[in-house]
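# Overview (structure and organization)
For reference, the chains in residue letters:
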Amino acid sequence: MKDIEYAAPRSLDEAAAILNERGSRARPLAGGTDIIVQVREGCRDIDILVDVKKIPELSAVQFNRDEGLTLGAAVPCYQIYNNAEVAQAYPGLIDAAILIGAAQIQGRASFGGNLCNASPAADTICPLIVHSAVCSIYGPDGSRAVPVEEFCSAPGQTVLKQGEFLVSIALPPPKPSAAGRYLRFIPRNEMDIAVAGAAAYVELENGMIGSARVALAAVAPTPLFVAEIGERLAGQDITDETLREAGEIARAAARPIDDMRGTVEHRKELCAVLTRRALKGAIERAQENA
């Protein structure tokens, strides 16, 4: 691996200036569990890593039940699942946080880095989508906000422009009678990449489904928000048939490919099964919160 420069800015403006000046030859560094491997293996050709962990906004976790949760883009997974209030309020996020590698990886990897890596099979992106999370982005032209479901534009690509970087991810406050769930399928424990995944978030009203959001992993060029499921489930009774219909909508929405981890047919079937199970798990959690 060639020599690479290292910068550790302490403010948003300083980081944006470096990233803007060096353009595509620069990349932000949070946990480094993706970018360092990519550089070492020649998948990324860069000249400088910009360590963003010394910028306060990127390393902060802020939560209260009235305003919701703000996760700095560099906050590692273990800080999320070790925060009892966050874990209780957003169990669907914890489902994903504990799946990212082993304990050593969870001590470094962040939701923000996972999002910026923009893998279609990323475990954290779909739970963020179903929780209606919004990205705070900063760059030479200031701040802008982008819903998580619009952040990834293609495999390994995002909507970030030159000089921009992800600062934080904001989630709405938790609601009573609401909860999320994330599930994935892997072919064996040694292959820690989803063949398919499904995240669900459900809000209950008078014992029925008031609203729902579902997103699928590893079955499209980007993590896939399936808005049709929410439209179909709103106002419906909680029945096996309702969940089966949601699974079939997920099956139809999926756009997977054949690869070493699974076939198109297998992935579509997994979408149906995992969507039903994720919705059922979210509903059970929401009922416990009622």
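Note that the structure is predicted; figures quoted are calculated from it, not measured.

Rules behind the numbers
Residues numbered from 1 in each chain as written. Predicted model: local features only at pLDDT ≥ 70, side-chain atom pairs only at ≥ 80, totals over all residues. Heavy atoms only, no water. Phe/Tyr/Trp six-rings, centres within 6.5 Å; stacked < 30°, edge-to-face > 60°. Helix = DSSP H or I, 4+ residues; strand = E, 2+ residues; numbered from the N terminus. Buried < 20%, exposed > 50% of the residue type's maximum accessible area, 1.4 Å probe, protein only. Domains from an automatic or database assignment. Contact = heavy atoms within 4.5 Å. Buried area = accessible area lost by both parts, 1.4 Å probe. Salt bridge = Lys/Arg side-chain N within 4 Å of Asp/Glu carboxyl O. Polar contact = N/O pair within 3.5 Å; in protein donor to acceptor, adjacent residues only side chain to side chain.

### Here's the deal with the packing of aromatic side chains
Scanning the model with the defined rule gives 2 aromatic pairs in all. Between Phe 63 and Tyr 90 the ring centres are 5.9 Å apart and the planes differ by 80 degrees, which places this aromatic pair in the edge-to-face class. Within this pair, whereas Phe 63 is found in strand E4 (residues 61-64), its partner Tyr 90 is found in the loop between helix H4 (84-89) and helix H5 (91-97), the two being separated by 27 residues in sequence. For Phe 63, a relative accessible area of 18% gives the class buried. With 6.3 Å between their ring centres and 65 degrees between their planes, Tyr 138 and Phe 165 make a pair best called edge-to-face. Here Tyr 138, found in strand E6 (residues 134-139), pairs with Phe 165, found in strand E10 (residues 165-171); they are 27 residues apart in sequence, far enough to count as distant. We note that Tyr 138, like Phe 165, is buried.

### Some words on the domain arrangement of the protein
By the assigned domains, the protein splits into domain 1 (56-171) and domain 2 (178-288). Each of domain 1 and domain 2 was reduced to a C-alpha centroid, and the two centroids are 20 Å apart. Across the contact, 24 residues belong to domain 1 and 23 residues belong to domain 2. Taken over both partners, the interface formed by domain 1 and domain 2 buries close to 1800 Å², and the fraction arising from carbon and sulfur atoms is 63%. Here domain 1 and domain 2 share 4 salt bridges between them. Between Arg 184 and Asp 123 there is a salt bridge whose closest N-O contact spans 2.7 Å. The interface formed by domain 1 and domain 2 includes 10 residue pairs in polar contact (both at pLDDT 80 or more).

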